[in-house]
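Working through the structure, step by step
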Amino acid sequence: MNLPTWACNVLGIYNIHESGPYSYWYNFLTSNIQQLDGDVVEIGVFKGRTFCSTCSVLAQSAPNKVVWGFDSFSGFPNVNHPFDQIDRFKFLFLNGYISQAHYDSHLFNLELLSVLGKPLDVQYLSSSLNFSATSEDLVRRKLSYLNLENFKLIKGDVSSTIYIDPLPDLIAAVFLDADMYEPYLHTLSSLWSRL
């Protein structure tokens, strides 16, 4: 995928040729994926920004591997786990689990959301709000445009779909961006022994 930056921006696809927040992931894949057994899993596909780019990297460097993408494609589920509540940040800070800078960023984020009139609810803390502005069809259209076929999309709550069969016996790498406690817990429980 050698699209100019503006085209990547229009499509909503991560440009792997420019330095950015996920450079570490694409550097890891391009340097190591051929030597690692197993497929790649992405938890939290949303609009396919990183998923499409991951599929592209693997299509070029490890065409026999599949990228498995898990997402509800309908936004966050109802959030009721105590570890997902906004006040958890204060607990984590007071108990030394996150830094002052991290906690200050959280407080600043709440301030900005308040200015914008957005709900101060865990489902809306991200700039992507509750991640409902997507669809599986949107991601598939992007993949089709890029002529990528090395993927499997699994639709549903990852807390249950991560246990589907047949998952690959070996997994080379996982891009885990689920934002909520239970999807992280279930993903790690299901995939850790396969890594």
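Up top you'll find the structure we're talking about.
The structure contained in this document is the topic of the report that follows. (Residues numbered from 1 in each chain as written. Predicted model: local features only at pLDDT ≥ 70, side-chain atom pairs only at ≥ 80, totals over all residues. Heavy atoms only, no water.)

Before going further, it helps to spend a moment on the overall build of the chain. Broken down by element type, the chain carries 8 helices and 4 strands. Its helices and strands taken in sequence order, the chain reads α-α-β-α-β-α-α-α-β-α-β-α from the N to the C terminus. Relative to the 2.2 N^0.38 estimate, which gives 16 Å for 195 residues, the radius of gyration of the chain is 18 Å and therefore close to what a compact globule would have. Along the longest, intermediate and shortest principal axes, the C-alpha atoms of the chain span 45 × 40 × 30 Å. (Helix = DSSP H or I, 4+ residues; strand = E, 2+ residues; numbered from the N terminus. Rg over C-alpha atoms; globule rule 2.2 N^0.38 Å.)

Attention now goes to the packing of helix H2 (residues 23-32) against helix H3 (residues 49-61). In the contact formed by H2 and H3, the axes pass within 10 Å of each other and the chain directions differ by 20°. The angle between the axes of H2 and H3 places the two elements in the roughly parallel class. Remark: the crossing between H2 and H3 carries right-handed chirality. Of the residues in H3, those touching H2 at Trp-25, Tyr-26, Leu-29 and Thr-30 are Thr-50, Ser-53, Thr-54, Val-57 and Leu-58. Per-class residue counts for the contact of H2 with H3 are 5 nonpolar, 4 polar and no charged. (Axes fitted to C-alpha atoms, helices over the stretch in contact; angles between N-to-C directions. Parallel < 35°, antiparallel > 145°, perpendicular 65-115°, else oblique. Left-handed = near helix turned anticlockwise from the far one by under 90°. Contact = heavy atoms within 4.5 Å. Nonpolar A, V, L, I, M, F, W, Y, C, P; charged D, E, K, R; others polar.)

To continue, consider the environment of Ile-98. Along the polypeptide, Ile-98 turns up in the loop between helix H4 (88-94) and helix H5 (100-115). The residues touching Ile-98, leaving out its near neighbours within four places in the chain, are Phe-89, Leu-92, Phe-93 and Tyr-103.

Our next topic: the pattern of salt bridges. Summed over the entire model, instances satisfying the criterion amount to 2 salt bridges. Residue Arg-140 pairs with Glu-136 through a salt bridge whose shortest N-O separation is 2.9 Å. Of this pair, Arg-140 and Glu-136 are both found in helix H6 (residues 136-145), 4 residues apart, which corresponds to roughly one turn of the helix. Overall, the relative accessible area of 19% leaves Glu-136 in the buried class. Arg-141 is the salt-bridge partner of Asp-137, the closest N and O atoms lying 2.4 Å from each other. Separated by 4 residues within a single helix, Asp-137 and Arg-141 lie in helix H6, roughly one turn from each other. (Salt bridge = Lys/Arg side-chain N within 4 Å of Asp/Glu carboxyl O. Buried < 20%, exposed > 50% of the residue type's maximum accessible area, 1.4 Å probe, protein only.)

We now examine the sheet that holds strand S4 (residues 171-176). Taken in spatial order, the 4 strands of this open sheet run S3-S2-S1-S4, and their pairing is parallel. What marks the edges here is a single partner per strand, and that holds for strand S3 (151-155) and S4. When strand polarity is set aside, the average angle formed by the axes of neighbouring strands in this sheet is 15°. Bridge count between strand S2 (residues 67-71) and S3: 5 bridges; the pairing is parallel. Pairing of Phe-70 across the sheet is with Ile-154, part of S3. In the packing of H2 onto the sheet, contacts are made with strand S1 (39-43) and S4, and the angle to S4 comes to roughly 170°. Strands in contact with H3 are S1, S2, S3 and S4; relative to S2, the strand with the most contacts, it is inclined by about 170°. (Pairing = 2+ DSSP bridges.)

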